[in-house]
Amino acid sequence: MNLDAAIENGEFHVVYQTVVETASGAICAMEALLRWRHPDLGAIPPSEFIPLAEETGSIIPITRWVFAHVADQLRQWRRDGVEPRRIFVNVSGQQFIRDDLPGYFRKLQAAEPDLIPFFGIEITEQAAIQNMEATVAAIRELAETGVGAALEDFGTGYSSLSYIHRLPIPKIK
């Protein structure tokens, strides 16, 4: 499985899962979910290719591709008169250690400030604690640009309320 070729060959696509408020039934957000259709192997589940992407370092360009795709989709929806409150993208702990997410969003903010409030990131608790200091710093910088954050899969890993208080994340899933 060649993840770099998958980007180049257009084998990835994004599907959007709605997040609905239980009281009103209104769509309050969306989650962008990456999918891979390999030309020979067919659909490859994220549970197989995401760990490989993290192991090889391909997760960073793949996530950047997802951000670009979400930005394109937001532009199209806005042209069509549709504006979801926020679209969340799952990010790897490596994005906080080896990538400059705040820098990426500052550039996007400078170019298209109207798109930033629609972006959100989700990080798993396990990924968040890989390098707590880098994660906290990046989430604070992202919040300054208007990018929201949520902690995903809380309770499935180490689940410590003592470190959760250190994370400047307003949403826990």
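Residues numbered from 1 in each chain as written. Predicted model: local features only at pLDDT ≥ 70, side-chain atom pairs only at ≥ 80, totals over all residues. Heavy atoms only, no water.

Engineer: Which parts of the structure should I look at to understand the packing of aromatic side chains?
Structural biologist: A ring pair, where both rings are aromatic, is described by two values, the distance of the centres and the angle of the planes. In this structure the tally under the stated criterion is 10 aromatic pairs. Aromatic side chains Phe67 and Phe119 sit 6.2 Å apart centroid to centroid with 75° between the ring planes, which places their arrangement in the edge-to-face category. Here the residue Phe67 occupies a position in helix α3 (residues 59-79), and Phe119 occupies one in strand β5 (residues 119-124), the gap between them amounting to 52 residues. Judged by relative accessible area, which is 0%, Phe119 ranks as buried. Here the aromatic rings of Phe105 and Phe119 are separated by 5.2 Å at their centres, their planes lie at 65°, and the arrangement is edge-to-face. With Phe105 in helix α5 (residues 101-111) and Phe119 in strand β5, this pair connects stretches of sequence that are 14 residues apart. Each member of the pair, Phe105 as well as Phe119, carries the same accessibility label: buried. (Phe/Tyr/Trp six-rings, centres within 6.5 Å; stacked < 30°, edge-to-face > 60°. Helix = DSSP H or I, 4+ residues; strand = E, 2+ residues; numbered from the N terminus. Buried < 20%, exposed > 50% of the residue type's maximum accessible area, 1.4 Å probe, protein only.)

Engineer: Got a minute to help me understand the packing of α5 against helix α7 (residues 132-145) in this structure?
Structural biologist: Two numbers describe a pair of packed helices, the interaxial angle and the distance between the axes. One way to put it is that α5 packs onto α7 with a least axis distance of 9 Å and a crossing angle of 10°. Considered as vectors, α5 and α7 are oriented roughly parallel to each other. Taken together, the residues of α7 that come into contact with α5 (itself represented by Leu101, Pro102, Phe105, Arg106 and Gln109) are Ala138, Glu141, Leu142 and Thr145. Looking at the contact of α5 with α7 residue by residue, the class counts come to five nonpolar, two polar and two charged. (Axes fitted to C-alpha atoms, helices over the stretch in contact; angles between N-to-C directions. Parallel < 35°, antiparallel > 145°, perpendicular 65-115°, else oblique. Contact = heavy atoms within 4.5 Å. Nonpolar A, V, L, I, M, F, W, Y, C, P; charged D, E, K, R; others polar.)

Engineer: Just to check I follow, could you spell out the nonpolar core for this structure?
Structural biologist: Nonpolar side chains tend toward joint burial in soluble globular proteins. Membership of the largest hydrophobic core comes to 46 residues, with the highest contact counts inside it found for Phe67, Phe96, Phe105 and Phe119. Ranked by the residues each element gives to this core, the list is headed by α3, at nine residues. Aside from chain neighbours lying at most four places away, what touches Phe105 is Phe67, Ile116, Phe119, Leu142, Thr145 and Val147. (Core = buried A, V, L, I, M, F, W, Y, C linked by side-chain atoms within 4.5 Å.)

Engineer: Could you clarify how one ought to interpret the side chain of Gln95 in this entry?
Structural biologist: By the element assignment, Gln95 lies in helix α4 (residues 93-98). Of the polar contacts made by the side chain of Gln95, one reaches the side chain of Thr63; its length is 3.1 Å. Those residues within four positions of Gln95 in sequence are excluded, and the remaining contacts are Ile59, Ile60, Thr63, Asp100 and Leu101. (Polar contact = N/O pair within 3.5 Å; in protein donor to acceptor, adjacent residues only side chain to side chain.)

Engineer: What is the right way to look at the environment of Ala6 in this model?
Structural biologist: Inspection of the secondary structure puts Ala6 in helix α1 (residues 3-8). Ala6 gets classed as buried once you look at its relative accessible area, which sits at 0%. Once the C-alpha coordinates of Ala6 and Ile62 are considered, the two residues, 56 residues apart in sequence, prove to be 9.2 Å apart. Excluding anything up to four places from it in sequence, Ala6 contacts Glu11, Phe12 and Trp36.

Engineer: So what exactly am I meant to see when it comes to the pattern of salt bridges here?
Structural biologist: Close approach of charged atoms allows side chains with opposite charge to pair. Counting across every chain of the model gives five salt bridges. Across the pair Arg75 and Asp72 runs a salt bridge, and its minimum N-O distance is 2.5 Å. Placement of both Arg75 and Asp72 in helix α3 is noted, with a separation of three residues, approximately one turn of the helix. Exposure remark for Arg75: the relative accessible area of 25% places this residue in the partly exposed category. Classification of Asp72 by relative accessible area gives partly exposed; the value is 44%. Arg75 serves as the salt-bridge partner of Glu112, at 2.5 Å between the closest nitrogen and oxygen. Here Glu112 is found in the loop between α5 and β5, whereas its partner Arg75 is found in helix α3, with 37 residues between them in sequence. Three or more residues are tied together by salt bridges with common partners; here these are Asp72, Arg75 and Glu112. (Salt bridge = Lys/Arg side-chain N within 4 Å of Asp/Glu carboxyl O.)

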